[in-house]
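Reading the structure
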Amino acid sequence: MIERQAVIRMQEGLHARPAAELAKLAKTYESTLEIVKDGQTASAKSTVKIMLLGVKEGETITIRANGSDEAQALESLIKLVSDEHGQSSPPSPPAAAKTQPKSASDLLPLGSHVARIQGVAGGDGVAIGPVFTYFAQTIHPNRPRLAVDDVPAALARLHLALADVAGSLEPAPQADEETRAIVEALRDMLADPEIIADIEQRIRDRADPVTAVLESGAALASRFAAMESEYFQTRAEDMAALARRLAESLLGIPPADFSRMKTPSVIAAGTLSALDFAKLDLAHVLGLVICEGGPTSHIAIMARAHGIPAVVGVEHGADVLKAARMLAVNGTEGYAVADPDEVTTTLFADRITREQEMQNALIAFRDIHPRMKSGRAIEVAANIGSLAEVESAIRHGAMGVGLFRTEFLFMQRKTLPTEDEQYAVYSKAAEAFGGQPVVIRTLDVGGDKPIAGIDVPQEDNPFLGWRGIRMCLDKPELFNPQLRALLRAAAHGNVKIMFPMISVLEELTAAKALLRECATALLREGKSIGKPEIGVMIETPAAVMCAGEIAAEADFFSIGTNDLTQYTMAADRGHPKLASLNRADQPAVLRMIELACKEAIAKGKWVGVCGEAAGTPALIPLLLSFGVSELSMSPALIPRAKKIVTEC
Ligand code: PEP
Ligand code: MG
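Since we're looking at a predicted model, the values are computed, not measured.

Cut-off values and rules
- Residues numbered from 1 in each chain as written.
- Chains lettered and ligands numbered in written order.
- Predicted model: local features only at pLDDT ≥ 70, side-chain atom pairs only at ≥ 80, totals over all residues.
- Heavy atoms only, no water.
- Donors = N, O, S within 2.8 Å, 3.2 Å for Na, K, Ca; no water.
- Helix = DSSP H or I, 4+ residues; strand = E, 2+ residues; numbered from the N terminus.
- Buried < 20%, exposed > 50% of the residue type's maximum accessible area, 1.4 Å probe, protein only.
- Pairing = 2+ DSSP bridges.
- pLDDT = per-residue confidence, 0-100.
- Contact = heavy atoms within 4.5 Å.
- Salt bridge = Lys/Arg side-chain N within 4 Å of Asp/Glu carboxyl O.
- Polar contact = N/O pair within 3.5 Å; in protein donor to acceptor, adjacent residues only side chain to side chain.
- Axes fitted to C-alpha atoms, helices over the stretch in contact; angles between N-to-C directions.

On to the coordination of the magnesium ion (ligand 2). Note on the magnesium ion (ligand 2): its protein donors are Glu539 (OE) and Asp563 (OD). The metal-donor distances range over 2.0 to 2.1 Å. Linking Glu539 in the loop between β17 (533-538) and α20 (541-545) with Asp563 in helix α22 (residues 561-569), this pair joins segments that are 24 residues apart in sequence. For the residue pair Glu539 and Asp563, the accessibility class agrees, reading buried in each case.

In structure tokens:
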């Protein structure tokens, strides 16, 4: 058995989606994997149990592994939780505080003949439209106890219902990545072995299946509800929604049918789960007014993510909502108006027009190619780790990819990816961005993040060890397939190849020589290849001090401020006690960046930044003043960065 501590870097901690990702990864290993926090232990293969630990960003957990693949499992789990670029986006912050009115005078005025249906702000914006109501029937759990002989049939019914609900957990065809990921997390909760075992036990104890699922769901829901964080408290809803769907399936009650909503409408519902939301054709949803839910409920998170005005937590409005024909929704201030009069309708229509104008301005901004006041054009690109992130990058206005971390392709598997598998991924990324640049970094792994298929000896200082380009140059059987895949993918778009962890010129010249050999071999084999630019990641002080010589041999630099900071400051980037040293705005680090830029620009080479500093508002003006011409960051940060560029 081995164990290690890790600081959670996933934004907002182990909420539903990261927990599901973690459990999914854990399940790919045979070893028993556990997470320990404050003396509480949970199976790392159970999404729900991980969530119940309530781990927040910045907190330390211990991961324990026991089994044949324990070392590998431990490393990949640690990597996932410690990576702030993790593949999940956090839930949006609660909007209630921001959007709740402070006094009556803050409210949008209404006509004198209407009353507010008060709720909580669930998604900014205002809307008005015809109502589509959805109030599901109440299911009561108190049913007669089973006869012993009926238990096997009841267990079989449970499994049919589980399969039925799992099969119906399909997002709408037009659902985006975010929605799909939430559905995936819910599906994972439904398949959670510990939840199923709990329901089965209740049936063996002779509860009928409907009672068993509702009581098991309620028990887990109340554990979530008792948690400290409001976000986890609202996961209680997801549990209750899943349990309800199972009970409906057991009773033959069909799930909500939103396909009847043929015209754009405001949905008024008693409860609307994330499962229901995923099935909606959002083009038809003008707004939401929901009796249940809080500002961090999944429904509110999803409404906000899609810009749908929503009011949730309407405790005393069900009857009015059921009878209404038109609804005006003020999701910013948290109320709705049933059958608004003419004055109210005009007030809402004016507000909708104004908000639309503001929204348009933002959209137009997101799609711009930003220029500084001097007229200098700056490219704002995305950091991605997989093809799954391409859509989000494009949606946020990425002008290409400034860093494709390829190690994820290698880490979540049991064998090395083949040249063809890699070629398929890299060429898809290149095609997705048309002619825009896609900078793909060659494998950057080492003793701190081992991968299946490569033997990495135990090292005392893995961050100073046999990693990145050092390992790749020693292992042509690992490096060549990637270089070949990259050269072939370069025929499909504007691929640029970037080498990580360069500390001496010879590493770059050796890598370029290998690349030339691969190109010659591919041409001999009759394969099409492109002519990618070759870049160097500037992550070590050694590379900065020799930047002139290195720049002479490279087409571009991309400054990896995360590692450059840790190596310059001699401060482990994951060490919670060293956070104040581990800052890219430390003078020593800024001077390193400035020097690297100066040397590259003097040789006529362009410089990008792909570490966290690139998306940090306070650092963007400084980086641009050093001559940086490309900033690459998490997709969600792109629109703001573009705005800052135009203000510099
Ligand atoms: C960096 O070091 O700044 C960087 C972008 O690479 P990574 O975070 O993957 O080490
Ligand atoms: Mg790095």
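Moving on, we get to the pairing of strand β16 (residues 494-499). With five of six residues buried, β16 is to be regarded as a mostly interior element. As paired strands, strand β15 (residues 437-441) and β16 are joined by five bridges and run parallel to one another. Bridged to Val438 within β16 is Val495. As paired elements, β16 and β17 share four bridges and run parallel to each other. Each residue of the ladder has a partner; that of Ile497, found in β17, is Ile534.

Tracing the sequence through the fold places Phe463 in the loop between β15 and α17 (468-474). Between the C-alpha atoms of Phe463 and Asp572, which are 109 residues apart in sequence, the distance is 8.3 Å.

A separate point is the confidence of the model for the chain. Chain-level pLDDT for the chain is 86 on average; 90% of the residues reach the 70-or-more range. Across residues 85-106 the pLDDT falls below 50, and counting only partners more than four positions away or on other chains, this stretch makes 51 contacts in the model.

Summed over the entire model, instances satisfying the criterion amount to 28 salt bridges. Across the pair Asp276 and Arg245 runs a salt bridge whose closest N-O atoms are separated by 3.8 Å. Pair noted here: Asp276 is in helix α10 (residues 274-279) and Arg245 is in helix α9 (residues 230-251), with a separation of 31 residues, a long-range link. Each of Glu419, Asp420, Arg484, Arg488, Glu525 and Lys527 takes part in salt bridges that share partners, so that together they form one network.

This brings us to the side chain of Ser632. Residue position: Ser632 is located in strand β20 (residues 630-633). Given the relative accessible area of 0%, Ser632 is considered buried. Of the polar contacts made by the side chain of Ser632, one reaches the backbone nitrogen of Gly402; its length is 3.2 Å. With near-sequence residues (within four places) excluded, Ser632 lies in contact with Ala381, Ala382, Asn383, Val401, Gly402, Leu403, Val609, Cys610, Gly611 and Ala614.

This part covers the sheet that holds β15. In spatial order, the strands read β13-β14-β15-β16-β17-β18-β19-β20; together these eight strands close into a barrel with parallel pairing. Across the sheet, the mean angle separating the axes of adjacent strands is 25 degrees when strand polarity is ignored. Two strands pair when backbone bridges link them, and strand β13 (residues 379-384) and strand β14 (residues 401-405) are joined in this way by three bridges, in the parallel orientation. When the bridges of β14 are listed, Asn383 appears paired with Leu403.

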